[in-house]
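As a plain string of letters, each chain reads:
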Amino acid sequence: MLPLHFAIELETVINSQLTKLAAPAAIIPVITLIHNCQMNFLELLSAASTINIDIAPYPLVAEDQLLGSDTSWQQLTLHTDATNASLQVFTTLWPIYMATDKTVQFYQQAAANSAQPQTRLFFSSLSHVKKILCRRLNGIIQIYYNHYWGELGFAPFVLGKD
């Protein structure tokens, strides 16, 4: 299986999991933004899968086109209020974060194991954009994490390093 086909399948599965997710109303805007990112990744990967790298370059990996505007993410963070937080909201975000982190790892591996410099650059760029998505999602998770830390008086668990 070619790495591009695996990437399409991986992003498709993540997207289908997002659409099946029974998300609480508090994080619907987050899920919507992530779903839009997934759709943008699928479009880019589909376009890239039709390209013969020996003849033409891969499409441009544009961070703002894949992730959406910085303003929309900033607005989302500003309007995320953890005062009425529920563990359901908090734990709903974990698997999304984990799946996104796994795609970062895949794109890094695909870049490292590609013979073509163009392909290495393409997968490395995808990895970079997914890292940004992970960091943005982690920032939202951190809001809820900090809320529970304040409620409990101690960190409920270690989230890991970034």
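The following paragraphs examine the structure supplied in this document. What you see is a predicted model; the values in this text were computed from it and never measured.

**Regarding the packing of helix α4 (residues 70-78) against helix α6 (residues 117-152)**
Packed helices, taken two at a time, are described by their axes: the angle between them and the distance between them. Relative orientation of the contacting elements α4 and α6 amounts to 15°, with a least axis distance of 10 Å. Between α4 and α6, the angle falls in the class roughly parallel. Every pair of crossing elements has a handedness; the one defined by α4 and α6 is right-handed. Contact residues: α4 offers Asp70, Trp73, Leu76 and Thr77, while α6 offers Leu133, Arg136, Ile140 and Ile143. For the contact of α4 with α6, a count of residues per class yields 5 nonpolar, 1 polar and 2 charged.

**Some words on the side chain of serine 127**
For serine 127, the position within the fold is in helix α6. Judged by its relative accessible area of 3%, serine 127 falls in the buried class. If we skip the residues at most four places from it in the chain, serine 127 touches Val104, Tyr107 and Gln108.

**Description of the pattern of salt bridges**
Applying the stated rule across the entire model yields 2 salt bridges. In this structure, glutamate 11 and lysine 130 form a salt bridge, with 3.0 Å as the shortest nitrogen-oxygen distance. Of this pair, glutamate 11 sits in helix α1 (residues 3-20) while lysine 130 sits in helix α6, and the two are 119 residues apart along the sequence. Take glutamate 11 and lysine 130: they sit in the same class, and that class is buried.

**Focus on the packing of aromatic side chains**
Applying the stated rule across the entire model yields 8 aromatic pairs. Considering the side-chain rings of tyrosine 107 and phenylalanine 123, the 6.1 Å spacing of their centres and the 20° angle between planes classify their relative orientation as stacked. Linking tyrosine 107 in helix α5 (residues 87-112) with phenylalanine 123 in helix α6, this pair joins segments that are 16 residues apart in sequence. Among the residues examined, phenylalanine 123 registers a relative accessible area of 1% and is labelled buried. When the ring centre of phenylalanine 41 is taken as origin, the NZ or CZ atom of lysine 130, which lies over that ring, is 4.5 Å away.

**Description of the nonpolar core**
The biggest cluster of nonpolar side chains holds 45 residues, and the ones touching the most others in it are Trp73, Phe122 and Leu126. Those elements giving two or more residues to this core turn out to be α1, α2 (28-49), α3 (63-67), α4, α5 and α6. At 13 residues, the largest contribution of residues to this core is made by α6. When sequence neighbours within four positions are dropped, the list of residues in contact with phenylalanine 122 reads Leu4, Leu44, Leu45, Ala48, Tyr58, Pro59 and Val61.

**Points about the environment of isoleucine 96**
Summarising the element assignment, isoleucine 96 is placed in helix α5. Along the backbone, isoleucine 96 and glutamine 17 are 79 residues apart, and their C-alpha atoms lie at a distance of 8.9 Å. Those residues in contact with isoleucine 96 that sit more than four places away from it in its chain are Leu18, Leu21, Ile31, Ile34 and Leu137.

Rules behind the numbers
In this numbering scheme, every chain counts its residues from 1 along its sequence in written order. Residue-level local features of this predicted model are given only where pLDDT is at least 70; pairs of side-chain atoms are given and counted only at 80 or more, and the full residue set underlies all totals for whole chains, interfaces and linings. Here the side-chain values reflect all heavy atoms present in the structure, with hydrogen atoms and water set aside. Interaxial angle, 0 to 180 degrees, is taken between N-to-C directions of lines fitted to C-alpha atoms, where a helix line uses only the stretch in contact. Strands here mean DSSP runs of E at least two residues long; helices mean DSSP runs of H or I at least four residues long; both are numbered from the N terminus. The cut-offs work like this: below 35 degrees is roughly parallel, past 145 is roughly antiparallel, 65 to 115 is roughly perpendicular, and the gaps in between are oblique. Each crossing gets its hand from how the near helix is turned against the far one by less than a right angle, where anticlockwise is left-handed and clockwise is right-handed. What makes two residues a contact is simply this: any of their non-hydrogen atoms within 4.5 Å. The classification used treats Ala, Val, Leu, Ile, Met, Phe, Trp, Tyr, Cys and Pro as nonpolar, Asp, Glu, Lys and Arg as charged, and all other residues, Gly among them, as polar. Residue burial is assigned from relative accessible area. The probe radius is 1.4 Å, only protein chains are included, and a residue is buried under 20% of its type maximum, exposed over 50%, and partly exposed in between. Salt bridge, as used here: a side-chain nitrogen of Lys or Arg that lies within 4 Å of a carboxyl oxygen of Asp or Glu. Aromatic pairs are defined between Phe, Tyr and Trp rings, using the six-membered ring for Trp, whenever the two ring centres lie within 6.5 Å; interplanar angles under 30 degrees are classed as stacked, those over 60 as edge-to-face, and all others as tilted. Geometrically, a lysine NZ or arginine CZ counts as sitting over a ring once it is within 6 Å of the ring centre and also within 35 degrees of the ring normal. Only buried residues count toward a nonpolar core. Its members are Ala, Val, Leu, Ile, Met, Phe, Trp, Tyr and Cys residues joined through side-chain atoms within 4.5 Å.

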